[in-house]
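The residues making up each chain are set out below.
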Amino acid sequence: MASRRAVDPAEMREAVVAVQPWLDDDAQRPARPELAAAVRLSLRTLEQIAPGNSVEVRVPPFAAVQCVAGPRHTRGTPPNVVETDARTWLQLATGRLTWPEALDRGTLTASGTRADISQWLPLLRIDT
């Protein structure tokens with residue numbers, strides 16, 4: 001597998017700032033390409049700062065990445081899976097929502113002994 005180009009932190013910040021109004025107000029939904037860019041770049045940033053293959057983080061329908069050092073997963077359903085929607089993911093990534101809050105709301109599922117990725121969040125902070 002070819003390695004991906006490293007995410008430019010400024011590019012990721014710009015993509016997330018573009019969807020910031022939606023993170024504060026659900027009625028301000030961004031265009032799909034803007035939302036996809038924010039999700040993909042932030043997930044790839046997580047992949048860079050927590051390298052590994054023991055946890056799969058899924059934000060359907062936009063992207064999924066493997067991260068966190070540990071046993072490599074190769075076939076079938078991964079033993080450590082985090083799944084959430086785009087808005088919850090971006091709120092976690094920007095510190096607008098905490099891991100326990102997302103779990104309590106039921107907008108985040110985390111299964112497996114390594115699935116708690118909260119130590120790498122938030123990925124960035126944006127002044128509101």
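Shown above is the structure to which this text applies.
About the thresholds
Residues numbered from 1 in each chain as written. Predicted model: local features only at pLDDT ≥ 70, side-chain atom pairs only at ≥ 80, totals over all residues. Heavy atoms only, no water. Pairing = 2+ DSSP bridges. Helix = DSSP H or I, 4+ residues; strand = E, 2+ residues; numbered from the N terminus. Axes fitted to C-alpha atoms, helices over the stretch in contact; angles between N-to-C directions. Contact = heavy atoms within 4.5 Å. Buried < 20%, exposed > 50% of the residue type's maximum accessible area, 1.4 Å probe, protein only. Arc of directions from axis to C-beta. Core = buried A, V, L, I, M, F, W, Y, C linked by side-chain atoms within 4.5 Å. Phe/Tyr/Trp six-rings, centres within 6.5 Å; stacked < 30°, edge-to-face > 60°. Lys NZ or Arg CZ within 6 Å of the ring centre and 35° of its normal.

(A) View of the sheet that holds strand β4 (residues 108–111). A sheet is described by the order of its strands in space; here four strands give the open sequence β2-β1-β3-β4, paired in mixed fashion. Across the chains shown, the open sheet's two edge strands, defined by having one partner strand only, are β2 (63–67) and β4. Averaged over all neighbouring strand pairs, the angle between strand axes comes to 10°, with direction disregarded. Of the strands in this sheet, β1 (55–59) and β2 touch helix α3 (residues 32–49), which is tilted by about 5° from β2.

(B) Local environment of helix α1 (residues 9–18). Residues of α1 that are buried: M12, A15 and V16. Down the axis of α1, the smallest arc covering the buried residues is 95°, so these residues share one side. Set apart from the buried face of α1 by more than 90 degrees, the exposed residues are A10 and E14. Contact partners of the buried residues in α1: α2 (20–24), α3 and α4 (86–93).

(C) Layout of the nonpolar core. Ranked by internal contacts, the top residues of the largest apolar core, which has 38 residues, are V39, L46, V57, W89, L90, I117 and L123. Broken down by secondary-structure element, the contributors of at least two residues to this core are α1, α2, α3, β1, β2, α4 and α5 (99–105). Element by element, the count of residues in this core is highest for α3, at seven residues.

(D) View of the packing of aromatic side chains. Applying the stated criterion across every chain, the model contains zero aromatic pairs. When the ring centre of W22 is taken as reference, the NZ or CZ atom of R87 above it lies at 5.9 Å.

(E) View of the pairing of β1. In terms of residue burial, β1 counts as a mostly covered element, since four of its five residues are buried. Here five bridges tie β1 to β2, and the two strands are oriented antiparallel to one another. Its bridge partner being in β2, E56 is matched across the sheet by Q66. Turn length for the β1-β2 hairpin, with the two strands adjacent in sequence and antiparallel, is three residues. Judged from the three bridges that link them, β1 and strand β3 (residues 81–84) form a sheet pairing that is parallel. Note on β3: the bridge partner recorded for R58 is E83.

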